[in-house]
Amino acid sequence: MRFRAKIVDLACLNHFSRIINTIARLAKTCILRLTVCKLYFILSDKVANGGASMWCELSQGNFFDEFQMEGVAAEHNEIYLELVPENLSRALKTAQSAKAVKIKLTNKHCPCLRVAVELPSLSSSSRIVTHDIPVGVIPRRMWNDFREPSVPDFDVSIYLPVLKTLKSVVERMKNLSNFVVIEANLSGEMNLKIETDLVSVTTHFKDLGNPPWASEDGCQSSAQSRDLESMAEACIDIKKLQQLLAGQQVNPTKALCNIVCKRVVHFILLHEDVSLQYFIPAIS
């Protein structure tokens, strides 16, 4: 099992660093799945136990100048590692003006991702700062626990308003309640509501638009027969929503939200070379 990669382009490095920062804000620990073409960061708190889950995928070719890996076996050419994303984020913070960053899977005393940052120096010799990040190797028999979550058969799918606006609304609401109801319909309307014994606050968003999901893929069967005006709603933990919005350092080109009535809210943030899915279970 081997893995080594190198980033030379500074723009790619800073972009990769921002993605890792975002992930570090969403997950204390996560699974890094490496394949020949892609990297995945996976958080699979069981939604049934009230935990949020995350699936972030990026194409390695958009970030790395060199990328070599050999998985556990020829027919299972993948590697699954458990790591603390904050540690990786910290290591990359030292790389903001680096000439190159090399990442390598090593096994001295325990399995580690070694991040070697080559910094520019005035003399001819370069300075290299090395970070060893401990990782756990996930055995093959447990890989199925980390498969891509299936997109739920949603009732409503809607584009999100500007994330900065949404974030400031949610931050104000968070001071008033631990829970927020998100509701939306197929006419591009979305409301955020909180109700406590003392206050009831609703923020309305209009003309957001609904994604033109292809009906043939069958994933929106319950949305097709829906009345366009009727709202689908789910009550979720406001802190989890705030975490998602506060952590956004990758400005998505598209952001949308799928609601499965009273069950789960599924966020999808798309950037040209990154997609992040985040599932927040509803509170009954």
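The rules behind these values
- Residues numbered from 1 in each chain as written.
- Predicted model: local features only at pLDDT ≥ 70, side-chain atom pairs only at ≥ 80, totals over all residues.
- Heavy atoms only, no water.
- Buried < 20%, exposed > 50% of the residue type's maximum accessible area, 1.4 Å probe, protein only.
- Helix = DSSP H or I, 4+ residues; strand = E, 2+ residues; numbered from the N terminus.
- Pairing = 2+ DSSP bridges.
- Contact = heavy atoms within 4.5 Å.
- Axes fitted to C-alpha atoms, helices over the stretch in contact; angles between N-to-C directions.
- Left-handed = near helix turned anticlockwise from the far one by under 90°.
- Nonpolar A, V, L, I, M, F, W, Y, C, P; charged D, E, K, R; others polar.
- Salt bridge = Lys/Arg side-chain N within 4 Å of Asp/Glu carboxyl O.

Participant: Please clarify how unusual backbone geometry should be interpreted in this entry.
Facilitator: Excluding glycine, residues mostly carry a negative phi; peptide bonds, for their part, are mostly trans. A positive phi is found at aspartate 207, a non-glycine position, where the angle reads about 55 degrees. Classification of aspartate 207 as exposed rests on a relative accessible area of 74%. Of note, lysine 262 is a non-glycine position whose phi angle comes to about 60 degrees, a positive value. With respect to the secondary-structure elements, lysine 262 resides in the loop between strand 16 (254–260) and strand 17 (264–271).

Participant: I tried to follow the sheet that holds strand 11 (residues 156–159) on my own but got confused; where do I start?
Facilitator: In sheet architecture, strand pairing relies on hydrogen bonds along the backbone and comes in two forms, parallel and antiparallel. The strand order 10-6-2-3-4-18-17-16-11 describes an open sheet built from 9 strands, whose pairing is antiparallel. The two strands at the open ends of the sheet, each matched to only one other strand, are strand 10 (136–137) and strand 11. The sheet contact formed by strand 11 and strand 16 spans 4 bridges and is antiparallel. Its bridge partner being in strand 16, tyrosine 159 is matched across the sheet by leucine 256. On top of the sheet, helix 5 (residues 238–246) reaches strand 17 and strand 18 (274–281); it is set at about 170 degrees to strand 18, its chief contact.

Participant: Just to check I follow, could you spell out the packing of helix 3 (residues 163–174) against helix 5 for this structure?
Facilitator: When two helices pack together, their arrangement is given by the angle between the helix axes and by the axis-to-axis distance. The contact between helix 3 and helix 5 brings their axes to 9 Å, and the two run at 145 degrees. The two elements helix 3 and helix 5 meet at a crossing, and its hand is left-handed. Listed contacts from helix 5 to Leu163, Leu166, Lys167, Val170, Glu171, Met173 and Lys174 of helix 3 are Ile238, Leu241, Gln242, Leu245 and Ala246. A breakdown of the residues in the contact of helix 3 with helix 5 according to their chemical character gives 8 nonpolar, 1 polar and 3 charged.

Participant: What is the right way to read the pattern of salt bridges from this model?
Facilitator: Between side chains of opposite charge, a pair can form when the charged atoms approach closely. Counted according to the given criterion, the structure contains 9 salt bridges. Residue lysine 193 is joined to glutamate 183 by a salt bridge in which the shortest nitrogen-to-oxygen separation is 3.4 Å. Highlighted residues: lysine 193 in strand 13 (residues 190–195) and glutamate 183 in strand 12 (residues 179–184), separated in sequence by 10 residues. Here lysine 193 falls in the partly exposed class, since its relative accessible area comes to 22%.

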